[in-house]
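Spelled out, the chains give:
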Amino acid sequence: MAATRFRIWRQEGAEGEGGYRDYTTEVTEGMVVLDAVHQIQAESANDLAVRWNCKAGKCGSCSAEVNGNPRLMCMTRMSDLPTDRPVTVEPMRAFPVIRDLVCDVSWNYEVKKKIQPFEPRPPDAEDGTWRIAQEDVERVQEFRKCIECFLCQDVCHVLRDHHLHDEFVGPRFFVYNAALEMHPLDTGDRLSALKQDEGIGYCNITKCCTKVCPEHITITDNAIIPLKERVVSEFYDPLKKLFRVFSGGSAA
Amino acid sequence: MEQTPYEYDVLVIGAGGAGLRAAIEVSAAGASCGVICKSLLGKAHTVMAEGGMAAAIGNVDERDDWKVHVTDTLRGGQYLSNPKMAEIHAKEAPARALELEAWGALFDRTKDGRILQRNFGGHRYPRLAHVGDRTGLEMIRTLQDHGIHHGIDFHMEYTVFRLLLDDGRVAGALAYDRERGRFRVYRAKAVVLATGGIGRAFKITSNSWEYTGDGHTLAYDAGADLIDMEFVQFHPTGMVWPPSVRGILVTEGVRGEGGILLNSDGERFLFDEIPALYKDQTADSAEEGWRYVVGDRDARRPPELLTRDHVARCIVNQIKSGKGSPHGGVYLDIAWIKEKISNSEEHIRKKLPSMYHQFKELAGLDITKERMEVGPTTHYVMGGVRVDAESQMSTVPGLYAAGECAAGLHGANRLGGNSLSDLLVFGQRAGAYAAAFAKEHGDVRLDQASADAGIREALQPLERERGEGPYQIQYELQDLMQEKVGIVRIESELEQAVEEIDRLSERAKAVSAPGNREYNPGWHTALDLHNLLVVSEAVARAGLLRRESRGAQFRDDYPQKDEHFGKVNIRVARGADKEMVVEEIPVEPMSDELTGLVEEMG
């Protein structure tokens, strides 16, 4: 292969003014975007900040926007990108930039802490273990595949364009909620929080999150929609509403 | 330079499986706990673990129990393990696995709804609790999601570069953050090292950038003993193509599910090279091997599931004798099982989903239809901080180590699946004992002068305007270790390596990484160099002293096992003049009960 042009976002700090800078590097067979970024770092931009770790699509550290698409840099092959124009690499735009391609994703860690943790039912057997069917495990395993790359958060317009970070937890944490709510052993109830504090109603199921998930989790159809349905049947079911009125509970 | 230190009863360095498990235990004991990690939480190397966690729960084969597990571990380690650690590990692993389930982990199930266990190299019975081929992710996420509700302080993207001492006892640590280059001083009554391995000392490795031997070197610099450093595990199957992914792991689970290794002539070469110690446990024919894979209890395991040291060496021999694949590996074939089962493609995608994606996306290859090309990759170090079997305390009071950076459990070779259980069993113990130590021993004094000196020293590469950059030294070291201290070793090359490391160490003292402290990878590499050089020297010197072939160490000049070396571990420590002292020490004695078990089970 040949010399390839890149436009990479450079920014000094959160307050710094950022901009694209042009680089050229030699791309060889099998290279992924992260390889090219590292090569540029070694050759001509020693202080180019990039977060990465496993380089095998398993840790979810190297999230960025490649030609405008939210991607893991380590799983984006150069040979899949058009060669007639420069490859643009920039940080995830839904989060504040710390420096260059590295952004501050700490908000996600704060959000997770607020979600009611796992709480199992008492063990099924005397030896303290549970009996679970493989099919029940598999339904939740899809959600537990999440590598917390936060690309779904990056692409979600409720966060990206409307900045409703205080009222909306984003697709990652609906998947997290779904993993807990559908966990065969869990006894917690997160529906009220999903409705009130986590803003599941803001999601208008455009499925952008599902499209960018590198783990191919069917976020919208398998996690968000079932949670929305549960919220609806819990709070908007007329019979339940009536029951709450008579039992003195607060109506939704 | 004085700054307010962060203060904890126990400081845990590293947030992989061992660090998180230790922190949870510290916090459960009512002690305050801070965790420092180089990456974001949940990204540590544990996330890469694929195959599973060895625990003799006996769900799939009720003949399994801790006694079989401990003898498998000792045999796999060629009897150089600390027998007490191997015993504790085998006994406590089931409880640690079940505890994980109580915290939300969801392992694959048996037909009657219990935790399913899979076959793995060196384990007599199906023993690995697993979640497809992403067990490490399940484990780290479970610990993370449990741990964040325990009042633990997490300091993400900080790197520790120095331990602080108070009159011989550990007293805290110095760290810097990668993005902004700010220093932090930590004061702690006890410290748990859980920093993982040293793979980045080699050119071809399955390890991430984090694996620079930090914990090994922090302990060594603080005066602690290291042992077994000659034993570096080369995993037999890493990707070899394309070049940019060379070294990335291909799980042993592929072979556990029936994958076979072939040379360029299409021969299943491992059948020709079964070691005596395993002759009775290994299948005679391909047909028997397949029966084992599908759960026939009377069948013996296929030779692909022999220990990693052996399989890796056989692959190297095939490549050297000209029977390698086009890109310098051999073939790993799982697609062939279509001859045996009708829905093989779906079965492979379900059992090995991340392998399927890894090859599809990085190599453009469909493993359900085509053969993979694989070759050995530096994967794990059996050697590490010498610890007390019960408490995990090092030879420095108050300093503990758990997981890969500690030594003793695996001896000369680690069995696949024994790492994840190691993290939990000894992470839990290190946390409990460190919390107790902190309570019993009270406050430590922080020596501000030595903290200041540490920081000044760390700043030197930034201040040197002239000098060599750090990368060239790092590359040269990685090439050297790969070439001369790799899978096949010989005295003359090991001696050359020691001399060369000495020269590289001198050069490293004068490196320059100019620029500012904010995200300066050159500066980080300059600081990592010290760690990489210390662990590399330890591996080379210990390898030189062990004049035999055993487990992960193969010496071309001493190709056989030697009775004398079967009774000793190699200890590495810093001498009075800061020189590296390497000497033999006797292997910890085995209890009568264990001796009996080993004789009984062979």
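The rules behind these values
- Residues numbered from 1 in each chain as written.
- Chains lettered and ligands numbered in written order.
- Predicted model: local features only at pLDDT ≥ 70, side-chain atom pairs only at ≥ 80, totals over all residues.
- Helix = DSSP H or I, 4+ residues; strand = E, 2+ residues; numbered from the N terminus.
- Contact = placed C-beta atoms within 7 Å.
- Rg over C-alpha atoms; globule rule 2.2 N^0.38 Å.
- Buried ≥ 20, exposed ≤ 12 C-beta atoms within 10 Å, placed from the backbone.
- Pairing = 2+ DSSP bridges.
- Axes fitted to C-alpha atoms, helices over the stretch in contact; angles between N-to-C directions.
- Core = buried A, V, L, I, M, F, W, Y, C linked by C-beta atoms within 7 Å.
- Nonpolar A, V, L, I, M, F, W, Y, C, P; charged D, E, K, R; others polar.
- Domains from an automatic or database assignment.
- Arc of directions from axis to C-beta.
- Parallel < 35°, antiparallel > 145°, perpendicular 65-115°, else oblique.
- Left-handed = near helix turned anticlockwise from the far one by under 90°.

A short note on the overall build of chain A
Secondary structure summary: chain A contains ten helices and seven strands in total. With respect to the three principal axes, the spread of C-alpha positions in chain A is 70 × 45 × 30 Å. In chain A, of all internal contacts separated by at least 6 residues, the share reaching a separation of at least 24 is 61%.

Side note on the overall build of chain B
The helix and strand tally for chain B stands at 16 helices and 21 strands. Rg of the C-alpha trace for chain B: 23 Å, near the compact-globule value of 25 Å for 602 residues, within the 12% margin. Seen along its three principal axes, the alpha-carbon backbone of chain B occupies a region of about 70 × 50 × 50 Å. Relative to its full complement of 602 residues, chain B shows a buried share of 60%. Of the contacts made within chain B by residues no fewer than 6 positions apart, 75% connect residues no fewer than 24 positions apart.

Considerations on the sheet that holds strand 14 (residues 372–381) of chain B
Hydrogen bonds between backbone atoms are what pair the strands of a sheet, whose relative direction is either parallel or antiparallel. Residues and elements named next belong to chain B. Taken in spatial order, the four strands line up as 11-14-13-12 in an open sheet, and their pairing is antiparallel. Edge strands, defined here as strands with exactly one partner in the open sheet, are strand 11 (232–239) and strand 12 (260–262). Each neighbouring strand pair of the sheet contributes to a mean axis angle of 45°, computed without reference to strand direction. Here strand 11 pairs with strand 14 via six bridges, running antiparallel. Its bridge partner lying in strand 14, His235 is registered against Thr377.

A look at the nonpolar core
All names here are of chain B. Val10, Val12, Val191, Val192, Leu193, Tyr400 and Ala434 are the most contacted members of the largest nonpolar core, which has 253 residues in total. Tallying contributions element by element places helix 15 (residues 521–545) first for this core, with 13 residues. Those residues in contact with Ala434 that lie beyond four places of it in its chain are Val10, Val26, Ala190, Val192 and Tyr400.

Brief notes about the interface of chain A and chain B
Tallying the contact residues gives 44 residues for chain A and 46 residues for chain B. Listed by contribution, the elements that provide at least two residues to the side of chain A that touches chain B are helix 1 (33–43), strand 6 (97–99), helix 2 (106–114) and helix 3 (134–144) of chain A. The residue makeup of the side of chain A that touches chain B, split by class, is 20 nonpolar, twelve polar and twelve charged.

Focus on the domain arrangement of chain B
Residues and elements named next belong to chain B. Domain annotation of chain B identifies domain 1 (236–376) and domain 2 (465–569). The element that contributes the greatest number of residues to the side of domain 1 that touches domain 2 is helix 8 (residues 308–320), accounting for four residues. Looking at the side of domain 1 that touches domain 2, its residues break down into three nonpolar, no polar and two charged.

Observations concerning the sheet that holds strand 15 (residues 384–386) of chain B
Residues and elements named next belong to chain B. Ordered by their spatial adjacency, five strands build an open sheet running 17-15-10-20-21, and the pairing between neighbours is mixed. The open sheet terminates on both sides in strands that have one partner only, identified here as strand 17 (406–407) and strand 21 (580–586). Bridging between strand 20 (residues 568–574) and strand 21 involves seven bridges; their strand directions are antiparallel. When the sheet's bridge partners are listed, Val572 is paired in strand 21 with Val582. Running over the sheet, helix 5 (residues 214–221) touches strand 10 (226–227), strand 15 and strand 20 and is turned about 40° from strand 15.

What about helix 3 of chain A?
Listing the buried residues of helix 3 of chain A in full gives Val140, Phe143 and Arg144 of chain A. Around the axis of helix 3 of chain A, the buried residues are gathered within 95° of arc, so they sit on the same side. Tucked inside the fold, the buried residues of helix 3 of chain A contact helix 6 (171–181) and helix 9 (219–235) of chain A together with helix 4 (135–147) of chain B.

A short note on the packing of helix 13 (residues 470–484) of chain B against helix 15 of chain B
All names here are of chain B. Viewed as axis vectors pointing N to C, helix 13 and helix 15 meet at an angle of 30°, and their least axial separation amounts to 9 Å. The angle between helix 13 and helix 15 falls in the class roughly parallel. Considering the relative orientation of helix 13 and helix 15, their crossing is left-handed. Note on element contacts: helix 15 touches helix 13 through Gly522, Thr525, Ala526, Leu529, Leu532, Leu533 and Ser536, opposite Pro470, Tyr471, Ile473, Gln474, Leu477 and Met481. Taken together, the residues of the contact of helix 13 with helix 15 break down into nine nonpolar, four polar and no charged.

A look at the domain arrangement of chain A
Residues and elements named next belong to chain A. Domain boundaries in chain A define domain 1 (3–103) and domain 2 (106–247). Summarising the inter-unit geometry, the C-alpha centres of domain 1 and domain 2 are found 31 Å apart. Here the side of domain 1 that touches domain 2 is built from residues that sort into six nonpolar, three polar and two charged.

Describing helix 1 of chain A
Helix 1 of chain A sits mainly inside the fold: eight of its eleven residues count as buried. Taken as a whole, helix 1 of chain A has its buried residues at Val33, Leu34, Asp35, Ala36, Val37, His38, Ile40 and Gln41 of chain A. Residues of helix 1 of chain A that are buried in the fold lie against strand 1 (3–10), strand 2 (19–26), strand 3 (63–66) and strand 5 (87–90) of chain A together with helix 15 of chain B.

Considering the environment of Gly289 of chain B
Residue and element names in this part refer to chain B. Summarising the element assignment, Gly289 is placed in helix 7 (residues 286–293). The exposure class of Gly289 is buried, given the 23 C-beta atoms found within 10 Å. Taking the C-alpha atoms as reference points, Gly289 and Pro303, 14 residues apart in sequence, are found 7.8 Å from one another.

Quick look at the pairing of strand 9 (residues 183–193) of chain B
Residue and element names in this part refer to chain B. Of all eleven residues in strand 9, nine are buried; the element is thus mostly enclosed. Looking at chain direction, strand 1 (residues 6–13) and strand 9 are connected through seven bridges and run parallel. By the bridge assignment for strand 9, Glu7 is matched with Arg187. As defined by bridge partners, strand 8 (residues 169–177) adjoins strand 9 across five bridges and the pair is classed as antiparallel. Each residue of the ladder has a partner; that of Ala175, found in strand 9, is Arg184. Hairpin connection of strand 8 to strand 9: five residues between the antiparallel strands, including Gly181 at a positive phi of 70°. Bridging between strand 9 and strand 16 (residues 399–401) involves three bridges; their strand directions are parallel. Pairing of Val191 across the sheet is with Leu399, part of strand 16.

What to know about unusual backbone geometry
Note on backbone geometry: most residues besides glycine have negative phi, and most peptide bonds are trans. Of the consecutive residues Trp241 of chain B and Pro242 of chain B, the connecting peptide bond is found in the cis state with omega at -5°. With respect to the helices and strands, the residue Pro242 of chain B is situated in the loop between strand 11 and helix 6 (253–256). Of note, the phi angle at His216 of chain A is positive, near 55°, even though the residue is not glycine. When you line up the elements, His216 of chain A lands in the loop between helix 8 (208–212) and helix 9. Its identity as a non-glycine residue notwithstanding, Glu157 of chain B has a phi of 60°, on the positive side. In this structure, Glu157 of chain B sits in the loop between strand 6 (153–156) and strand 7 (158–166). A residue is classified by how many C-beta atoms lie within 10 Å of it, and Glu157 of chain B, with 19 of them, is partly exposed.

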